[in-house]
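In case you want the letters, here they are:
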Amino acid sequence: MSLASRQDPICYLRAAAGKDEPVRVVVLAGGVGGARFLLGVRAVLKDQAPQENAAPEHRIQVIVNTGDDLTVHGLRVCPDLDTVMYTLGDGIDTERGWGRRAETWQAKDELTAYGAEPSWFGLGDRDIATHLIRTRMLDAGFPLSEVTAALCERWQLGVRGTRVQLLPMSDQRVETHVVCQIDGARRVVHFQEWWIAHHAQPPVEEFVFVGLDRASAGPGVLEAIAEADAVLLAPSNPVVSIGPILAVPGVRQALRGTSAKVVGLSPIVDGAVVRGMADKCLPALDVAVTAEGVARHYGPRKADGLLDGWLVHETDAADVPGVEVRRIPLLMRSPEATAAMALAALDFCRG
Ligand code: GDP
Ligand code: CA
């Protein structure tokens, strides 16, 4: 069924918001799963774009996890921001899911020849240009939110009738660290080191968001949630992608207070991750690696939690008191399948 022939959730959201205006969709996202899902959200809004060019635009505001950020060889790297930016800007390596298309690795090889550590983090030659500009701007005193907006200028994330804005969850550094056992010793390592260098193998005792005590929500983050017509939790890692965003002061309260519906999509399908290491993260929080486990972890908005609705894969089930659960195909195997997921999520938001 084509999207155009379906009922129009965007018109409804617009009407439900009591305004004849474009809609404002807020998405909380990590890297690859979040970015792919956003392609679907953008496709749905584009499909519903006002016909005249002069008409005001729909808005997608993406609140992006920055807990994965790190400094490598003096460069400030923001993996999730870059994955979303390259994906929506059509510069992503679609096979790998992260990094630039047609990437080369000569700088990395040269660094290796010097024996420079860390050698486990892959910095591609094209990618390095992004990090050079970011680092230079940060060093000059610009906050990450402004640096991100400047980088996105090049990539033109919007499409006709829809503007896309990336909002880092915080301008302050908040970095996810992992308390784990490595070679029999208790160590605290950056999340990227645990994931890339140690392949998420060391059993996790705890995730710690270093810097959180000094962090506040990035510019526009709380306002976006408060004024949204729909808030979607992308099928991103609940612990290390959505988790840090929710931990930023004020975000959870904003989600609980918004008049928009808050609907999440399960990153767990058939009791397993589709990709990544959420199955290694969830047990550290005593959360079952199931669609139901993740929904219970987020909890119902009716009782101290966040969710009004939860989408699970068609073969899954989830019984979460206080949360309406719907079952649909939840695999982003094609642009059409991804857009159908986004449409179902937006449809859910209209009640
Ligand atoms: P990362 O920061 O690159 O790890 O990306 P995210 O946190 O945004 O997304 C990772 C999550 O996306 C993993 O937990 C995956 O299970 C989930 N994911 C990836 N592809 C799909 C998909 O096609 N469908 C669903 N439902 N989840 C997916
Ligand atoms: Ca990530």
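I will try to describe carefully the structure that is included in this document. Model, not experiment: these values are computed from the prediction.

1. Section: the side chain of Asp68
Thought 1: Inspection of the secondary structure puts Asp68 in the loop between strand S2 (58–64) and strand S3 (70–72).
Thought 2: Here Asp68 sits buried without a salt bridge, and the closest side chain of opposite charge, Arg76, lies 10 Å off (N-O distance).
Thought 3: In this structure the side chain of Asp68 is engaged in a polar contact, spanning 3.3 Å, whose partner is the side chain of Asn65.
Thought 4: Discounting chain neighbours no more than four positions away, the residues touching Asp68 are Pro79, Asp80, His190, Phe191, Gln192 and Val240.

2. Quick notes on the coordination of the calcium ion (ligand 2)
Thought 1: Around the calcium ion (ligand 2), the donor atoms from the protein are Asp68 (OD), Asp80 (OD) and Asp80 (OD), and they sit 2.1 to 2.7 Å away. Residue Asp68 is found in the loop between S2 and S3, and its partner Asp80 is found in helix H3 (residues 79–88); the two are separated by 12 residues along the sequence. Across the pair, Asp80 and Asp68 agree in class, each one buried.

3. A look at the site of ligand 1
Thought 1: By nearness alone, 20 residues border ligand 1, and Ser236, Ser241, Pro267, Leu330 and Met332 come closest of all.
Thought 2: Within the backbone of Gly33, an N or O atom sits 3.2 Å from an oxygen atom of ligand 1.
Thought 3: The separation between an oxygen atom of ligand 1 and a polar main-chain atom of Met332 is 2.8 Å.
Thought 4: One can see that ligand 1 is located within the largest pocket.
Thought 5: With 3 residues, helix H2 (residues 32–47) is the single largest residue contributor to the shell around ligand 1.
Thought 6: Split by residue class, the shell around ligand 1 holds 10 nonpolar, 8 polar and 2 charged.

4. A word on empty space enclosed by the protein
Thought 1: Enumeration according to the criterion identifies 2 cavities of 30 Å³ or more in this entry.
Thought 2: Its volume calculated, the largest cavity comes out at about 60 Å³.
Thought 3: Taken together, His73, Lys108, Leu111, Thr112, Ala116, Pro118, Ser119, Phe121 and Leu123 make up the full set of residues lining the largest cavity.
Thought 4: Split into classes, the residues belonging to the lining of the largest cavity amount to 5 nonpolar, 3 polar and 1 charged.
Thought 5: The calculated volume of the second largest cavity comes to roughly 30 Å³.
Thought 6: In terms of lining, the second largest cavity is formed by Leu81, Asp82, Met85, Arg134, Thr148, Leu151, Cys152 and Leu166.
Thought 7: Taken together, the elements giving at least two residues each to the lining of the second largest cavity come down to H3 and helix H6 (144–155).
Thought 8: Of the residues assigned to the lining of the second largest cavity, the class counts are 5 nonpolar, 1 polar and 2 charged.

5. Brief notes about the pairing of strand S1 (residues 24–29)
Thought 1: Among the 6 residues of S1, 6 are classified as buried, and the element is accordingly described as predominantly covered.
Thought 2: Side-chain alternation along S1 places Arg24, Val26 and Leu28 on one buried face and Val25, Val27 and Ala29 on a second face that is also buried.
Thought 3: In this structure, S1 lies alongside S2, joined through 6 bridges in parallel fashion. Looking at the pairing, Ala29 lines up with Val64 of S2.

Analysis parameters
For every chain, the first residue of the written sequence is number 1, and numbering continues from 1 onward in sequence order. Just so you know, chain letters begin at A and ligand numbers begin at 1, following the order they were written in. Totals for whole chains, interfaces and linings use every residue, but because this is a predicted model, local features are given only for residues with pLDDT of at least 70 and side-chain atom pairs only at 80 or more, for both listing and counting. The basis for every side-chain value is the complete set of non-hydrogen atoms in the structure, without hydrogens or water. Secondary structure is summarised from DSSP: a helix means a run of H or I of at least four residues, a strand means a run of E of at least two, and numbering begins at the N terminus for each. Exposure classes here rest on a 1.4 Å probe applied to the protein chains alone. A residue is buried below 20% of its type maximum, exposed above 50%, and partly exposed in between. Asp and Glu are treated as the negative residues and Lys and Arg as the positive ones, with His and the ends of the chain left uncounted. Should a side-chain nitrogen of Lys or Arg be within 4 Å of a carboxyl oxygen of Asp or Glu, the pair is scored as a salt bridge. Polar contacts here mean pairs of N or O atoms no more than 3.5 Å apart (in protein, one a potential hydrogen donor and the other a potential acceptor; neighbouring residues in sequence count only if both atoms are side-chain atoms). We call two residues in contact whenever any of their non-hydrogen atoms come within 4.5 Å of each other. Listed donor atoms are N, O and S within 2.8 Å of the metal (Na, K and Ca: 3.2 Å). As water is not included, a site may look incomplete. For each residue, the test is whether any non-hydrogen atom lies within 4 Å of the molecule or strand; if one does, the residue is near. The pocket and cavity definitions rest on a 1 Å grid over protein atoms only: a 1.4 Å probe that fits but cannot leave marks a cavity, an open set with protein on both sides within 12 Å along at least five of seven lines marks a pocket, and residues lining either have an atom within 4 Å of a point. Any molecule with more than half of its atoms within 2 Å of a cavity's or pocket's grid points is regarded as sitting in that cavity or pocket. Here the nonpolar group is Ala, Val, Leu, Ile, Met, Phe, Trp, Tyr, Cys and Pro; Asp, Glu, Lys and Arg are the charged ones; every other residue, Gly included, is treated as polar. Grid points are joined across faces, edges and corners, and a volume is the space filled by probe spheres set on the points. For two strands to be treated as a pair, DSSP must find at least two bridges joining them.

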